[in-house]
Amino acid sequence: DLIFSDALHSNEGLQAEYDYYIKNHLADKFIIVWDDAWANPVDYINKNILPDLTNKYGKLYTKVATFQEWVRGRTHPIYIVSNFNLNLDTYI
């Protein structure tokens, strides 16, 4: 599965999206990409969502990456979580 989350970026929104759409519906192998991964969403995901995923799927691989937005000169972070090693060292 490849999940791209661009939902409401509140803790409640992240949790609801996980509980209703992700938690019980992932394939054995998955990649989840959370858009706009500023400090608060990443901290919340690490403390409240990753423990559940780790219990179900074992070792997880995570990476925060910065991407160029469609507006020249503006960037934003994304947070990638997967249960298989993507070996992603560089991003475009």
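Structure: see above.
Residues numbered from 1 in each chain as written. Predicted model: local features only at pLDDT ≥ 70, side-chain atom pairs only at ≥ 80, totals over all residues. Heavy atoms only, no water.

Draft legend 1. Broad picture of the sheet that holds strand S2 (residues 31-35). The mixed open sheet is built from 4 strands, whose spatial order is S1-S2-S4-S3. The open sheet terminates on both sides in strands that have one partner only, identified here as strand S1 (2-5) and strand S3 (61-68). Between one strand axis and the next, the sheet turns by 20° as a mean value, whatever way the strands run. Direction of pairing for S1 relative to S2: parallel, over a ladder of 4 bridges. Along S2, the bridge assignment pairs Leu-2 with Ile-31. (Pairing = 2+ DSSP bridges. Helix = DSSP H or I, 4+ residues; strand = E, 2+ residues; numbered from the N terminus. Axes fitted to C-alpha atoms, helices over the stretch in contact; angles between N-to-C directions.)

Draft legend 2. Quick peek at the pattern of salt bridges. Scanning all chains against the criterion turns up 1 salt bridge. Of the charged contacts, one joins Lys-56 and Asp-52 as a salt bridge, the two residues approaching to 3.7 Å between their closest N and O atoms. Of this pair, Lys-56 and Asp-52 are both found in helix H3 (residues 50-57), 4 residues apart, which corresponds to roughly one turn of the helix. On the basis of relative accessible area, Lys-56 is assigned to the partly exposed category, the value being 39%. (Salt bridge = Lys/Arg side-chain N within 4 Å of Asp/Glu carboxyl O. Buried < 20%, exposed > 50% of the residue type's maximum accessible area, 1.4 Å probe, protein only.)

Draft legend 3. Region of interest: the nonpolar core. Counting 17 residues, the largest nonpolar core has Trp-34, Leu-53, Tyr-79 and Val-81 as its most contacted members. Sorting the residues of this core by element identifies helix H1 (11-22), S2, helix H2 (39-48), H3 and strand S4 (75-82) as the ones contributing at least two each. Of all hydrophobic cores here, the second largest spans 5 residues; its members include Val-33, Ala-65, Ile-78 and Ile-80. (Core = buried A, V, L, I, M, F, W, Y, C linked by side-chain atoms within 4.5 Å.)

Draft legend 4. Here's a closer look at the pairing of S4. Of all the 8 residues making up S4, 7 are buried; the element is thus mostly covered by neighbouring parts of the structure. As paired strands, S2 and S4 are joined by 5 bridges and run antiparallel to one another. Each residue of the ladder has a partner; that of Ile-31, found in S4, is Ser-82. One ladder, built from 8 bridges, connects S3 with S4; its direction is antiparallel. Bridge pairing in S4 places Val-64 opposite Tyr-79.

Nothing here speaks to function; it is geometry throughout.
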